[in-house]
Amino acid sequence: IQCQLNGKPVELVVDVRQSLLEALRAHGLTGCKEGCGVGECGACTVLIDKVPIDSCITLAIRAEGRAIRTVEGESINGELSPVQQAYVDAGAVQCGFCTPGLVMKTTSYVEGLSQSAGGCCQSGSHAIDRDDIRREHAGNLCRCTGYQTVVDAV
Ligand code: FES
Ligand code: FES
């Protein structure tokens, strides 16, 4: 398959039965994690064309011609992305197993908010409160933090 991977064109040789998670990890992108392997925990979340998906239940061949983003592409020149930094600042990372998936989910969420608000989250029509954040992140499970710090970070 040919796709954009974190902004760079790549060609990956994949088995037709291989999940995107397996293909990415085989390509050295081990940020996305396998928690449940059945679409329940969100540890494997990556973005396809800006949309968060569970890469464990997505066939790698679906990435053909698409733009894939993983947590590895979020920091630039060693600088954490604003979302990653917010997670650190809020203490929303403990064992870290869920963190790459959560970071990608949050990234998609805040970019969507920013877009719908014309570049400014504060003045948009989308209601942003802790319940909205919880709802939007409901597919990402964390065994450590109790979620409060994750919501704080978002
Ligand atoms: S590993 Fe994909 S949803 Fe749990
Ligand atoms: S920080 Fe451990 S599972 Fe979330």
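Analysis parameters
- Residues numbered from 1 in each chain as written.
- Chains lettered and ligands numbered in written order.
- Predicted model: local features only at pLDDT ≥ 70, side-chain atom pairs only at ≥ 80, totals over all residues.
- Heavy atoms only, no water.
- Helix = DSSP H or I, 4+ residues; strand = E, 2+ residues; numbered from the N terminus.
- Buried < 20%, exposed > 50% of the residue type's maximum accessible area, 1.4 Å probe, protein only.
- Contact = heavy atoms within 4.5 Å.
- Polar contact = N/O pair within 3.5 Å; in protein donor to acceptor, adjacent residues only side chain to side chain.
- Patch = residues over 30% accessible without salt bridge, like charges linked within 9 Å, V, L, I, M, F, W, Y side chains within 5 Å.
- Areas by Shrake-Rupley, 256 points an atom, 1.4 Å probe, with all protein chains shown as cover.
- Salt bridge = Lys/Arg side-chain N within 4 Å of Asp/Glu carboxyl O.
- Core = buried A, V, L, I, M, F, W, Y, C linked by side-chain atoms within 4.5 Å.
- Pairing = 2+ DSSP bridges.
- Axes fitted to C-alpha atoms, helices over the stretch in contact; angles between N-to-C directions.
- Parallel < 35°, antiparallel > 145°, perpendicular 65-115°, else oblique.
- Left-handed = near helix turned anticlockwise from the far one by under 90°.
- Nonpolar A, V, L, I, M, F, W, Y, C, P; charged D, E, K, R; others polar.

## Considering the overall build of the protein chain
Right, so step 1: Tallying secondary structure elements over the protein chain gives five helices and five strands in all.
Right, so step 2: Ordered by position in the sequence, the α and β elements of the protein chain form the string β-β-α-β-β-β-α-α-α-α.
Right, so step 3: Across the 154 residues that make up the protein chain, the buried fraction comes to 41%.
Right, so step 4: Here the contacts in the protein chain between residues at least 6 apart in sequence split such that 56% fall between residues at least 24 apart.

## A few points about the environment of arginine 25
Right, so step 1: Along the chain, arginine 25 turns up in helix α1 (residues 20-26).
Right, so step 2: Residues within four places of arginine 25 in sequence aside, it is in contact with Thr30, Cys32 and Lys33.
Right, so step 3: Among the polar contacts listed, one links the side chain of arginine 25 to the backbone oxygen of threonine 30, at a separation of 3.0 Å.

## As for a nonpolar patch on the surface
Right, so step 1: Side chains of Val16, Leu59 and Ile61 sit close together on the surface and give an oily, nonpolar patch of about 250 Å² of accessible area.
Right, so step 2: Looking at where leucine 59 falls in the secondary structure, it is placed in the loop between β4 (51-54) and β5 (67-69).
Right, so step 3: Take leucine 59: its relative accessible area is 38%, and that puts it in the partly exposed class.

## Concerning the pattern of salt bridges
Right, so step 1: Under the criterion given, the structure shown has seven salt bridges.
Right, so step 2: A salt bridge links aspartate 49 to arginine 66; its shortest N-O distance comes to 2.9 Å. Within this pair, whereas aspartate 49 is found in the loop between β3 (45-48) and β4, its partner arginine 66 is found in the loop between β4 and β5, the two being separated by 17 residues in sequence.
Right, so step 3: Accessibility expressed as a relative area gives 28% for arginine 66, which makes it partly exposed.

## Some thoughts on the nonpolar core
Right, so step 1: Counting 20 residues, the largest nonpolar core has Leu5, Val14, Leu20, Leu24, Val46 and Ile68 as the members making the most contacts within it.
Right, so step 2: The greatest single-element share of this core, amounting to four residues, is contributed by α1.
Right, so step 3: Contacts of leucine 20, omitting those with residues within four sequence positions, involve Val46, Ile48, Ile53, Ser55, Thr58, Leu59, Ala60 and Ala63.
Right, so step 4: Ranked by size, the runner-up nonpolar core spans twelve residues in total, among them Val83, Ala92, Leu102 and Val103.

## Points about the sheet that holds β3
Right, so step 1: Taken in spatial order, the five strands of this open sheet run β2-β1-β5-β3-β4, and their pairing is mixed. The open sheet terminates on both sides in strands that have one partner only, identified here as β2 (8-11) and β4. Across this sheet, the average inter-strand angle for adjacent strands is 40 degrees, counted without regard to direction.
Right, so step 2: Two elements, strand β1 (residues 2-5) and β5, share two bridges in a ladder whose sense is parallel. If you follow glutamine 4 over to β5, its bridge partner there is alanine 67.
Right, so step 3: Helix-sheet contacts for helix α3 (residues 99-116) involve β3, β4 and β5, and the interaxial angle to β3 is about 35 degrees.

## Examining the packing of helix α2 (residues 82-89) against α3
Right, so step 1: Where α2 meets α3, the axes come as close as 9 Å, and the angle between the chain directions of the two elements is 125 degrees. Compared by their axis directions, α2 and α3 come out oblique. Here α2 runs over α3; the crossing is right-handed. Contact residues: Val83, Gln84 and Tyr87 in α2; Thr99, Leu102, Val103, Thr106, Thr107 and Val110 in α3.
Right, so step 2: Within the contact of α2 with α3, the residues separate by chemical class into five nonpolar, four polar and no charged.

In short, the description is geometric, and any link to function would need to be established separately.
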